[in-house]
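Listed here are the chains, written in short residue letters.
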Amino acid sequence: MGTRKKPEELRSHRWYGPQDLRSFGHRSRTLQMGHSHPDYKGKPVIAIINTWSDINNCHSHFRQRAEEVKRGVWQAGGYPLEMPAIALAEVFQKPSTMMYRNFLAMETEELLRSYPVDGCVLMGGCDKTTPGLLMGAISMNVPAIFMPAGPMLRGNWQGKTLGSGSDVWKYWDELRSGNITGRDWTQIEEGIARSAGTCMTMGTASTMTGVAEALGFSLPNSSTIPAVDSNHSRMAEFSGRRIVEMVWEDLKPRDILTEKSFDNAIRVLMALGGSTNGLIHVIAMAGRAGISIPLERFEQIGQRTPYLVNMRPSGKYLMEDFYYAGGLCGMLEGMRGLLDVDELTCTGKTLGENIAGAKIHNADVIRTPVNPMQPEGGLIVLRGNLAPDGAVIKSTAADPKLLQHAGRAMVFEDYNDMAARIDDPDLDVDADSVLVLRNAGPLGGPGMPEWGMLPIPKKLLKQGVRDMVRISDARMSGTSYGTCVLHVSPESWIGGPLALVRTGDIIELDVPARKLTLKISDEELAGRREVWKPKAKKYERGYGKIFSQHVSQADKGCDFDFLEGTAPIPEPEIH
Ligand code: FES
């Protein structure tokens, strides 16, 4: 690294250093908190942005972890300040945590900007917390290290391993078709979430913490350590120690983020068989670094990147198995030849140096390019007259028989319409039908709720049907599975072609050809567009109004237009 900063060059020095009236206030009020001059004077001030909350089940260990991060900061000669931020609890926050990802990003950025912060440790992991925290830190561009929450322990029920999300949907269908009892269902409820930590399937949480590590934001292998493993506590402490050094080295997010580091992130997304949510978040994070990633980049990289980790929902194992098998570093070392290994990371070393010598201890869990789960990544971008700006399907989680399929559309106007009719015995569907849900996109949902795995109609479940082609402008939980076409852009709420589909139309899905086609003429489509009427606005005030006015479509990352890019924002005056 280059020259080290001097104490008087620290950003926080502007608050604490001068012998003036304002600095007197900053110092005296720090003393008020019981901290003496040697605690902070001339030391890097480290903000610990903690997304702990009583409502966030995945972060319930974060109070202890924050103390462990502080321990590391103190040991390395820094001054830690814990700053809480919105928790984005995936299962509880409505209409969708995605609606509030940008809120967390703004909060993170402005916390870092408005206070005397020299560097930060970002504590997140539950789905949208990872991209939200990183987007804010990238925009503020002070030294930042991401401390992932880690996955929870494996679920357990009657000797069977249960995976977050995936087994909920699976056994819910079995309950609805009468194959398990209400008592079984209660036992599953009691056994599926056994500890602190994020969903332990390869859902959005583990996808995004893996992406963060691949980008260089986390210590090596940190994204795979189970939340309640003592290695996790030590990783928290090491993160605290390392950030202090990063401040002296002046190693900032945009020093490690390049087109190549984002290519590495996309490769990891593909190799993990990661969540479709990952595409939206990677595009948004790159946008904060001034890097534009078209959907086609995922396609190009996916064609050259095998799917390597045998994890649910696409495979067999869970995050705990992944960690014991060697974790992300094991996987990365196994695919070294596919990576840009010279990219700089938060350790001050390159990605290649970080992973050097990592081993794979279970070759069934972590595959290599010579023995992959599939030769190509599983996230496929589709286009066609139904999705001119793109749509996404996770082919590894789909029934291979349905990847080329044409069927009659059954259209649901919105989620409530679907919920009211899906189990109607008279619903005019068969196993070949294509279920369509609209008004579930960035504006229509709002926030693209994870409704994209539409339920199989009960009458078909009873006939043994377990997968169908489903199309929506919603997202899908990374723990979900099925032949679900997602993120259809532009969305139906703003008059995208999905708004023009009618029940009975034929829709053709052709994944090998990357096509999604509504089989009607251009004239017919144009005629329907002429008579289409927009719906009434959802929000007249508040955050919802800001969201509605500024959020971009899924293919652009769903960021706010005024937060994209790297235009400089002045440092606050200290008066
Ligand atoms: Fe938090 Fe799944 S609910 S990661």
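What you see is a predicted model; the values in this text were computed from it and never measured.

**Regarding a nonpolar patch on the surface**
Then step 1. Side chains of I55, V91 and F92 sit close together on the surface and give an oily, nonpolar patch of about 290 Å² of accessible area.
Then step 2. Here F92 falls in the partly exposed class, since its relative accessible area comes to 47%.

**Overview of the pattern of salt bridges**
Then step 1. Taken as a whole and assessed by the stated rule, the structure comprises 45 salt bridges.
Then step 2. Here E320 makes a salt bridge to R154, at a shortest N to O gap of 3.7 Å. Residue E320 is found in helix α15 (residues 319-324), and its partner R154 is found in the loop between β4 (144-148) and β5 (155-157); the two are separated by 166 residues along the sequence.
Then step 3. Judged by relative accessible area, which is 9%, E320 ranks as buried.
Then step 4. Several salt bridges share partner residues, and in doing so they unite E90, D127, K128, E450 and R475 into one network.

**Describing unusual backbone geometry**
Then step 1. Of note, the bond from R312 into P313 is cis; its omega dihedral lies within 30 degrees of zero at 10 degrees.
Then step 2. Topologically, P313 is positioned in the loop between α14 (295-304) and α15.
Then step 3. Note that the residue after S489, namely P490, is joined by a cis bond; omega there is -5 degrees.
Then step 4. You can see P490 is positioned in the loop between β12 (484-486) and β13 (506-510).
Then step 5. The backbone of Q158 sits at a positive phi, close to 50 degrees, despite the residue not being glycine.
Then step 6. In this structure, Q158 sits in the loop between β5 and β6 (160-162).
Then step 7. One non-glycine residue with positive phi stands out, namely D250, at about 55 degrees.
Then step 8. Judged by its relative accessible area of 28%, D250 is partly exposed.

Rules used throughout
Residues numbered from 1 in each chain as written. Predicted model: local features only at pLDDT ≥ 70, side-chain atom pairs only at ≥ 80, totals over all residues. Heavy atoms only, no water. Patch = residues over 30% accessible without salt bridge, like charges linked within 9 Å, V, L, I, M, F, W, Y side chains within 5 Å. Areas by Shrake-Rupley, 256 points an atom, 1.4 Å probe, with all protein chains shown as cover. Salt bridge = Lys/Arg side-chain N within 4 Å of Asp/Glu carboxyl O. Buried < 20%, exposed > 50% of the residue type's maximum accessible area, 1.4 Å probe, protein only. Helix = DSSP H or I, 4+ residues; strand = E, 2+ residues; numbered from the N terminus.

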